[in-house]
Amino acid sequence: MSALSNRSGEKVQNRQRTLMAVTALLYFGPLLAGLAGFGWAIVPVFAAIFMLWLVIIRPQDFPRSVHDWARPEALVAFAARAAVQLLLVVMCFGIGRGIGGVMGSLPSIPTMLPIAISFLSIPLARMVWNPWEAQAMDNLLDDALTKIETGKLQGGDRAYGEAVLAPLNGLSDNVTEAELQDHLTALRALVDEGVTYDILVELVESGKASLAVKRALMLLGSDAGALERMQRQEVPVRVLQVLRDAPALVSQMAGRLTDALERDPELWHDLPNVSFLEGLRVSAPDASQALDALMAEVIAQAPGA
């Protein structure tokens, strides 16, 4: 668990460092405006940009419905955050004016330049930081640590498995394969892989699975190590069946299984037979090339071949 936390934490820290670098643009805007000797009337503009940045990067800190916004405590919290952002703008602007005064000369720059610099930090920050994805992983790890500390962690607990797998279904479609693999590694430390497999299959069959879940199931079903640990020979066949409507994933899985079988001929006993693969080839013609390669390898590695 500690190794998993370190790997996940390192990724988050790298993103946080990138976010900090991008955020520097946010603060540089009012600093540059003060350095250029702009009037204090521009301060509210930067305060609005600072608040917008906060809403985009920390949306979970703000009410999400009109009813929630109507609550007095929500308005007080919003006013407090706005006051803090205004104070930050005033500080940056004042520092800029102070530096300009010491220099004795003020640079001549367009009014919109410092505003554009600050505003640019918003889309750049959002590109490197997904607040919902980061929060989901944080929640998963926090919940796991809590259960471990209280002794309530049960690897085979189906309800618990569904709870810790929920964030996986909320990941974006373009999450990288390496990140998905890290999530599966995280889940293996918390829940039996057989439970993970069963839940992922049911999600896909129910039509409630995101593309990230389908990709995770494909990775799990074509991982030689996972197949060995689960000791369930039907896994690759079942995964290919439930993913048959996603030919790109079928093709990728077939390629991964072909490579795995080349490395470990003993895996042959866990793989689909030629008859099944021929039928799948008919229903998923776009994956025929990868399936043909897998069939050839299954035939070549067959006992007594």
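Numbers given to residues run from 1 along each chain, matching the order in which its sequence is written. Totals for whole chains, interfaces and linings use every residue, but because this is a predicted model, local features are given only for residues with pLDDT of at least 70 and side-chain atom pairs only at 80 or more, for both listing and counting. Side-chain measures here rest on the full set of heavy atoms in the structure, leaving out hydrogens and waters.

**Concerning the overall build of the chain**
Argument step 1. Helix numbers and strand numbers start at the N terminus; a helix is a DSSP run of H or I with at least 4 residues, a strand a run of E with at least 2. Scanning the chain for helices and strands turns up 15 helices and zero strands.
Argument step 2. Here the analysis covers contacts within the chain between residues at least 6 apart in sequence; of these, 77% occur between residues at least 24 apart.
Argument step 3. Methods summary: accessible areas were calculated by the Shrake-Rupley approach with a probe of 1.4 Å, and residue burial reflects only the protein chains presented. Carbon and sulfur atoms form 59% of the exposed surface of the chain, whose accessible area is close to 15,700 Å². Every residue pair with non-hydrogen atoms within 4.5 Å of one another is taken to be in contact.

**Things to note about helix α14 (residues 274–283)**
Argument step 1. We call a residue buried when its accessible area falls under 20% of the maximum for its residue type, exposed when it is over 50%, and partly exposed in between, using a 1.4 Å probe and counting protein chains only. Within the span of α14, buried status applies to Phe276, Leu277 and Leu280. In an axial view of α14, the angular spread of the buried residues amounts to 95°, which keeps them on one side of the axis. Residues of α14 that are exposed and point more than 90 degrees away from the buried face comprise Ser275 and Val282.
Argument step 2. Buried residues along α14 sit in contact with α12 (235–242), α13 (247–263) and α15 (288–300).
Argument step 3. Of the residues that open α14, the one with a side-chain oxygen 3.3 Å from the backbone nitrogen of Ser275 is Asn273. Here, the arc refers to the directions that run from the helix axis to the C-beta atoms. Any pair of N or O atoms that falls within 3.5 Å is considered a polar contact. Within protein, one atom must be able to donate a hydrogen and the other to accept it, and sequence-neighbouring residues count only if both atoms are side-chain atoms.

**So, the packing of helix α9 (residues 193–206) against helix α10 (residues 211–221)**
Argument step 1. Working convention: axes come from line fits to C-alpha atoms, limited for helices to the stretch in contact. Angles between N-to-C directions cover 0 to 180 degrees. It is at 10 Å that the axes of α9 and α10 come closest, and there the two elements cross at 135°. Between α9 and α10, the interaxial angle falls into the category oblique. For the element pair α9 and α10, the recorded crossing hand is left-handed. Along the contact surface, α9 presents Glu193, Thr196, Tyr197, Leu200, Val201, Leu203 and Val204, while α10 presents Val213, Lys214, Ala216, Leu217 and Leu220.
Argument step 2. Residue polarity is assigned by list, with Asp, Glu, Lys and Arg as charged and Ala, Val, Leu, Ile, Met, Phe, Trp, Tyr, Cys and Pro as nonpolar; anything else, Gly included, falls into the polar class. Residue classes in the contact of α9 with α10 are distributed as nine nonpolar, one polar and two charged. For this classification, under 35 degrees means roughly parallel, over 145 means roughly antiparallel, 65 to 115 means roughly perpendicular, and everything else is oblique. We call a crossing left-handed when the near helix sits turned anticlockwise from the far one by less than a right angle, and right-handed when that turn is clockwise.

**Here we look at the environment of Met218**
Argument step 1. Residue placement: Met218 occurs in helix α10.
Argument step 2. The exposure class of Met218 is buried, given its relative accessible area of 1%.
Argument step 3. On a C-alpha basis, the gap between Met218 and Met253 in space is 6.0 Å, while along the polypeptide they are 35 residues apart.
Argument step 4. When residues no more than four places from it in sequence are discounted, the contact partners of Met218 are Val239, Leu243, Leu249, Gln252, Met253 and Arg256.

**Here we look at the confidence of the model for the chain**
Argument step 1. Mean pLDDT over the chain: 80, with 82% of residues reaching 70 or higher.
Argument step 2. Values of pLDDT, the confidence the predictor places in each residue, fall between 0 and 100. Within the model, the stretch residues 1–9 combines pLDDT values under 50 with 15 contacts to residues more than four positions away or in other chains.
Argument step 3. Low confidence marks residues 148–156, where pLDDT is under 50. Its contacts with residues over four positions away, or in another chain, come to twelve contacts.

**Section: empty space enclosed by the protein**
Argument step 1. Here a cavity means grid points, on a 1 Å grid over the protein atoms only, where a 1.4 Å probe fits yet cannot get out; a pocket means an open set of points with protein on both sides within 12 Å along at least five of seven lines; lining residues are those with an atom within 4 Å of a point. Grid points are joined across faces, edges and corners, and a volume is the space filled by probe spheres set on the points. Summed over the entire model, instances satisfying the criterion amount to two cavities of 30 Å³ or more.
Argument step 2. By volume, the second largest cavity amounts to about 30 Å³.
Argument step 3. Looking at the second largest cavity, the residues that line it are Gln181, Leu184, Thr185, Arg188, Glu193, Leu220, Asp223 and Ala226.
Argument step 4. The element best represented in the lining of the second largest cavity is helix α8 (residues 177–190), accounting for four residues.
Argument step 5. Grouping the amino acids of the lining of the second largest cavity by side-chain chemistry returns three nonpolar, two polar and three charged.

**Side note on the packing of α13 against α15**
Argument step 1. Put simply, α13 and α15 touch, their axes get as near as 8 Å, and they point 25° apart. Taken together, the axis directions place α13 and α15 in an arrangement best described as roughly parallel. The interaxial crossing formed by α13 with α15 has left-handed handedness. Mapping the contact onto sequence places Val250, Ser251, Ala254, Gly255, Leu257, Thr258, Leu261 and Glu262 in α13 and Ala290, Leu291, Ala293, Leu294, Glu297 and Val298 in α15.
Argument step 2. Its residues assigned to classes, the contact of α13 with α15 comprises nine nonpolar, three polar and two charged.

**Examining α10**
Turn by turn, an α-helix covers 3.6 residues, leaving residues three or four places apart pointing in a common direction.
Argument step 1. Counting buried positions over the eleven residues of α10 gives nine, a clear majority of the element.
Argument step 2. For α10, the complete set of buried residues consists of Ala212, Val213, Arg215, Ala216, Leu217, Met218, Leu219, Leu220 and Gly221.
Argument step 3. Looking at the buried positions of α10, the neighbouring elements they touch are α8, α9, α11 (224–230), α12 and α13.

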